[in-house]
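Residue-level listing of the chains:
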Amino acid sequence: MKLPSKILKSRDPYAELASLDDPKNPMLRLEIIDAVLGCVEQALQGASWHHRQTAASYARQLEGILREGGVAFAVSEDGSGLERRMDETLHATYDKAVEAGASRVETAADHLRAAFSEAYGIRPDPSAAYSRAIKAVEAVANPLYLPNEAEPTLGKVRAHLDQGRHKYEMVIADRAGAPADIDAVVAMVSLLWHGQRDRHEGGPTSAPVTQEAAETAVHTAAILVHWISSGSIRRK
């Protein structure tokens, strides 16, 4: 946790932490909170219901303090760390996608949670977030659209949907009242697939994944996971 020695050796570490100020690392206090939450979550593996409820209660109290203080980070839903606070509507979309993904393929929900954590965690990793976002969509799309493909990828899913537009439709209606086509789905899958510019190195369009791109990818993946898992895209 890289705590200063004066805290580790102090007779009153709580007081030392309360006055802690490191101009070289203004995130240190939040890093300590994030690390402690992660340690508690690991320690609670296999613990009794009572202990888990006690930890959850403290996590809720901590979140209240952070929210009241206007801190840009919030306690994650599972209490395992801190994540950047976001608009509640966007968070609800993510939660719905995780729920839908978990009901269909457990790994989709796992990848989506990991993507969210990598994008909005206290130390974001845009490249990892983008990669996990793609894996989340692949987890629900590959078995459905490419059941016999030996090496399925989101790129192959994109090609399958693009070439088979006449085979699928949306549950939502178009302006004429008929089931809408899947153009929006193909566009979103294409956007997600082509936007990962760090997939291969050395190409003329290769580039690092930006934080903004990673966040967009995570939410695009959340919508796709929800649509595919809930049957919003169906065969004619």
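Position labels on residues start from 1 in each chain and follow its written sequence. pLDDT decides what is reported in this predicted model: residues at 70 or higher carry local features, side-chain atom pairs at 80 or more are listed and counted, and totals for whole chains, interfaces and linings draw on all residues regardless. Only hydrogens and water are set aside; all other atoms, that is, all heavy atoms of the structure, feed into the side-chain values.

Draft legend 1. Region of interest: the packing of aromatic side chains. The aromatic pairing rule takes the rings of Phe, Tyr and Trp, using the six-membered ring of Trp, and pairs them if the centres are within 6.5 Å, calling planes under 30 degrees apart stacked, those over 60 edge-to-face and the rest tilted. In total, this model carries two aromatic pairs according to the counting rule given. Relative to tyrosine 168, the ring of tyrosine 145 has its centre 5.5 Å away and its plane inclined at 90°; by these criteria the two rings are edge-to-face. Of this pair, tyrosine 145 sits in helix H7 (residues 126–145) while tyrosine 168 sits in strand E3 (residues 168–170), and the two are 23 residues apart along the sequence. Two thresholds decide whether a charge sits over a ring: the Lys NZ or Arg CZ must be within 6 Å of the ring centre and within 35 degrees of the ring normal. Against the face of tryptophan 193 rests arginine 199, its NZ or CZ located 3.8 Å from the ring centre. Secondary structure elements are defined from DSSP: runs of H or I of at least 4 residues count as helices, runs of E of at least 2 residues count as strands, and each element is numbered from the N terminus.

Draft legend 2. Looking closely at helix H8 (residues 154–163). All of the buried residues along H8 are Leu154, Gly155, Val157 and Leu161. Buried residues of H8, viewed axially, fall in a sector of 160°; they line one side. Here the buried face of H8 lies against H7, E3 and helix H9 (183–194). Here the term buried applies to any residue with accessible area under 20% of the maximum for its type, exposed to any over 50%, and partly exposed to those in between, with areas from a 1.4 Å probe on protein chains only. An arc is given here, and it is the one of the directions from the helix axis to the C-beta atoms. Contacts between residues were defined by any pair of non-hydrogen atoms, one from each residue, lying within 4.5 Å.

Draft legend 3. Looking closely at the pattern of salt bridges. By definition, a salt bridge exists where a carboxyl oxygen of Asp or Glu is found within 4 Å of a side-chain nitrogen of Lys or Arg. Per the stated rule, a full pass over the model turns up eleven salt bridges. For aspartate 162, the salt bridge goes to arginine 165, with nearest N and O atoms at 2.7 Å. Given the relative accessible area of 30%, aspartate 162 is considered partly exposed. What makes arginine 165 partly exposed here is its relative accessible area of 31%. A salt bridge links arginine 165 to aspartate 183; the shortest N-O distance between them is 2.6 Å. Here the residue arginine 165 occupies a position in the loop between H8 and E3, and aspartate 183 occupies one in helix H9, the gap between them amounting to 18 residues. Because the salt bridges share partners, they merge into one network encompassing Arg158, Asp162, Arg165 and Asp183.

Draft legend 4. Layout of helix H4 (residues 49–68). The span you would expect from a helix comes to 1.5 Å times its residue count less one. For H4, which comprises 20 residues, the first-to-last C-alpha distance of 29 Å matches the rise-based estimate of 28 Å (1.5 Å per residue) to within 8%. Along H4, the residues that are buried comprise Ala59, Glu63 and Leu66. Along the axis of H4, the buried residues cluster in a sector spanning 60°; they form a single face. Among the exposed residues of H4, those oriented more than 90 degrees off its buried face are His50, Tyr58, Arg60, Ile65 and Glu68. The inward-facing, buried residues of H4 contact strand E1 (73–75) and strand E2 (82–84). Looking at the residues trailing H4, positive phi occurs at glycine 70, about 70°.

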